[in-house]
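Descriptive structure summary
Below are the chains, spelled out letter by letter.
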Amino acid sequence: MKVANSQEIRRIDRRAIEKYGMPGTVLMENAGREVVLAMIERYGNLEGKRISIIAGKGNNGGDGFVIARHLYNRGATVEVFLLGKSSDIKGDAKINLSILKKFSIPFYEKFSLKELNIHLKHSDIIVDAIFGTGLSSEVKKPFSDAINLINSSGKPVVSVDIPSGISSDTGEVLGIAVKANLTVTFVLPKRGILLFPGAEYAGVVKVTDIGIPARVIEEENIRCNLLTKEEIKALLPGRKPDSHKGSFGHLLVIAGSVGKTGAAAMTGLSALRVGAGLVTIATPASLNNILEVKLTEVMTLPLPETDDHSISMSAENILGKIMPEMSTIAIGPGLSTNPETVRLVRRLVTKIDKPTVIDADGVNALVGYLDILKRSKFPLILTPHPGEMARLIGKTSKEVQKNRIGIAQDFAMKHRVYLMLKGARTVFSDPYGNVYINTTGNPGMATAGTGDVLTGMISGLIAQGIDPLSALKSGVYIHGLAGDLAAEEFGEMGMVAGDMIAKIPEAIKYLRDARSMIHDTG
């Protein structure tokens, strides 16, 4: 499913009106009707319900005027509060305001905050139709005061297209924003209601069709996508009856240092759980026995080590001989930032000629040496969390979080890599700038080791012969789904990364069986 930003939506609307002759009033009518239908679907029969609509002076307010009419015709007790002057309303919104005023619907243009608060407290449902997708500056009075009253009312809130106060492009809260229970958005989901913190303000998201031709959307060539369970199910490979372990690849995991054998172990086990045929963990020699005890099905390769018990430069020749035999490689989990180990990572990156996932300390080793990424013989896959991404590009974590899609997309295109930016609502980009947003997962996954699990899953899928993009899609979606299943059984507070590993087979089985999923907005 495509995901739009504000400029793309504006161009889609304009093309539908100018090229296909669809009047803006028709689109606004359809939008208002769809909001009412979504409200009935969620809240049941609205007859006799008292509903307050808070409208701005733009097209979002125009949608609110249409909603008021449809609610009135269905027997609801409706009242409209305009945050602005009627004389400032233009275009399609003005037409619908004129129609609204011919109905016996209370319309308030001049009112105090105290009066508005009284009305909201006596409402059954509040409709937020203040701002649309074009908001780009911080919310000022009187809008901020009205939003405060909406949020403190304790009533169910329905936002039209996007919660007012949320940036539709980044999900950023522009000073203050409406906290909706239901957001009814039009044509396509907007980035801002999928990315945090906007996603937290949107509540349940309902995407509705307002009659814009599919070709209009296709002509926009949107590059941002939402992963859905239907897409992921189709990507999962089948298995032939005469398969053997060699049929599903051999993954080499270069990982581990003193105190961090768990990272290596979780990466290897996750790869097996997602279907890799063989996994070998290359790790410092003094830690090899620990991994032999930890793991049964995973093979190990002891390597020369530094005085800090991390992998040393002396391991380069050994790895150089074994890497050609492997289907794919994962580098980084628990490696440490020992200077010698860091130099080894950089050397290996320039020699790799197959799909490789670089995570954690593997990513850290690239700071200040990004030019070597283009020297790899195969597009690499980097999976940093926001802190690692910030170090990689010389920004702060806060700056990264404010522009997750743009940063992932720009980095991937500039360095010709796949870049997965982990976190709540993980996003990733391919080298051509196509971006994907994942919505599976939960706060319980904010625990040590979940990134190692993801690295193992992605590299394990690639080892089976799945192309990198499909492996990224499937890996991140199933990773989040396994986390959701673990949270359902253990609770978000008590779950650990190992619980997710145990749930990987169940998550895959759920997808294959097309059973109902939990926590899935796709």
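What you see is a predicted model, and the numbers here were worked out from it, not measured in a lab.

1. A word on the packing of helix 2 (residues 24-43) against helix 3 (residues 59-73)
Interhelical geometry of helix 2 versus helix 3 gives an angle of 55 degrees and a closest axis separation of 8 Å. Classified by the interaxial angle, the pair formed by helix 2 and helix 3 is oblique. The two elements helix 2 and helix 3 cross, and the hand of that crossing is right-handed. Within the contact between the two elements, helix 2 uses Met28, Glu29, Ala31, Gly32, Arg33, Val35, Val36 and Met39 and helix 3 uses Asn59, Gly62, Asp63, Val66, Ile67, Arg69, His70 and Leu71. Here the contact of helix 2 with helix 3 is composed, by residue class, of eight nonpolar, four polar and four charged.

2. Thoughts on a nonpolar patch on the surface
A cluster of nonpolar residues, Met1, Val205 and Val207, forms a patch on the protein surface that exposes about 210 Å² of accessible area. Tracing the backbone shows Val207 in strand 7 (residues 204-208).

3. Overview of the sheet that holds strand 13 (residues 356-358)
Read from one edge to the other, the open sheet built from 10 strands follows the order 8-17-16-15-14-13-12-9-10-11, with strand pairing classed as mixed. Looking at strand neighbours, the two that pair on one side only are strand 8 (224-226) and strand 11 (299-303), the edges of this open sheet. Judged from the three bridges that link them, strand 12 (residues 328-331) and strand 13 form a sheet pairing that is parallel. Pairing of Ala330 across the sheet is with Val357, part of strand 13. Against the sheet, helix 18 (residues 450-463) makes contact with strand 9 (250-254), strand 12, strand 13, strand 14 (381-382) and strand 15 (418-421), and its axis sits at roughly 165 degrees relative to strand 12, the strand it touches most. Across the sheet, helix 19 (residues 468-490) touches strand 14, strand 15, strand 16 (427-429) and strand 17 (435-437), and the angle it forms with strand 15 is around 10 degrees.

4. Examining the layout of surface pockets
The space that makes up the largest pocket amounts to roughly 960 Å³. Around the largest pocket, the lining comprises 40 residues; the ones closest to its centre are Gly423, Ala424, Arg425, Gly441 and Asn442. When residues of the lining of the largest pocket are assigned to their parent elements, the largest contribution, four residues, is made by helix 18. The residue makeup of the lining of the largest pocket, split by class, is 15 nonpolar, 17 polar and eight charged. Empty space within the second largest pocket amounts to approximately 680 Å³. Of all the secondary-structure elements, those providing two or more residues to the lining of the second largest pocket are helix 1 (6-18), helix 2 and helix 3.

5. Remarks on the sheet that holds strand 5 (residues 157-160)
Taking strand neighbours across the sheet as the criterion, the seven strands line up as 3-2-1-4-5-6-7 in an open arrangement whose pairing is parallel. The open sheet has two free edges, formed respectively by strand 3 (107-108) and strand 7, since each of these has just one partner strand. Here strand 5 runs beside strand 6 (residues 182-186); their pairing, made up of three bridges, is parallel. Following the sheet pairing, Val158 is matched in strand 6 by Leu182. Against the sheet, helix 2 engages strand 1 (50-55), strand 4 (125-129), strand 5, strand 6 and strand 7, with an angle of about 150 degrees to strand 6.

6. Observations regarding the packing of aromatic side chains
Scanning the entire structure with this criterion turns up six aromatic pairs. Ring geometry for Tyr72 versus Phe103: centroids 5.9 Å apart, planes at 85 degrees, classification edge-to-face. Of this pair, Tyr72 sits in helix 3 while Phe103 sits in the loop between helix 4 (91-100) and strand 3; the two residues are 31 residues apart in sequence, bridging distant segments of the chain. Of the residues examined, Tyr72 reaches a relative accessible area of 32% and is grouped as partly exposed. A residue is classified by how much of its surface remains accessible, and Phe103, at 26% relative accessible area, is partly exposed. Look at Phe131 and Phe143: their rings are 5.0 Å apart centre to centre, the planes differ by 55 degrees, and that puts the pair in the tilted class. Pair noted here: Phe131 is in the loop between strand 4 and helix 6 (143-152) and Phe143 is in helix 6, with a separation of 12 residues, a long-range link. We classify Phe131 as buried; its relative accessible area is 17%.

Rules used in this analysis
- Residues numbered from 1 in each chain as written.
- Predicted model: local features only at pLDDT ≥ 70, side-chain atom pairs only at ≥ 80, totals over all residues.
- Heavy atoms only, no water.
- Axes fitted to C-alpha atoms, helices over the stretch in contact; angles between N-to-C directions.
- Helix = DSSP H or I, 4+ residues; strand = E, 2+ residues; numbered from the N terminus.
- Parallel < 35°, antiparallel > 145°, perpendicular 65-115°, else oblique.
- Left-handed = near helix turned anticlockwise from the far one by under 90°.
- Contact = heavy atoms within 4.5 Å.
- Nonpolar A, V, L, I, M, F, W, Y, C, P; charged D, E, K, R; others polar.
- Patch = residues over 30% accessible without salt bridge, like charges linked within 9 Å, V, L, I, M, F, W, Y side chains within 5 Å.
- Areas by Shrake-Rupley, 256 points an atom, 1.4 Å probe, with all protein chains shown as cover.
- Salt bridge = Lys/Arg side-chain N within 4 Å of Asp/Glu carboxyl O.
- Pairing = 2+ DSSP bridges.
- 1 Å grid on protein atoms, 1.4 Å probe; cavity = no way out; pocket = protein on both sides within 12 Å on 5 of 7 lines; lining within 4 Å.
- Points joined across faces, edges and corners; volume = space filled by probe spheres on them.
- Phe/Tyr/Trp six-rings, centres within 6.5 Å; stacked < 30°, edge-to-face > 60°.
- Buried < 20%, exposed > 50% of the residue type's maximum accessible area, 1.4 Å probe, protein only.

Geometric descriptors of this kind do not, in isolation, establish any biological role.
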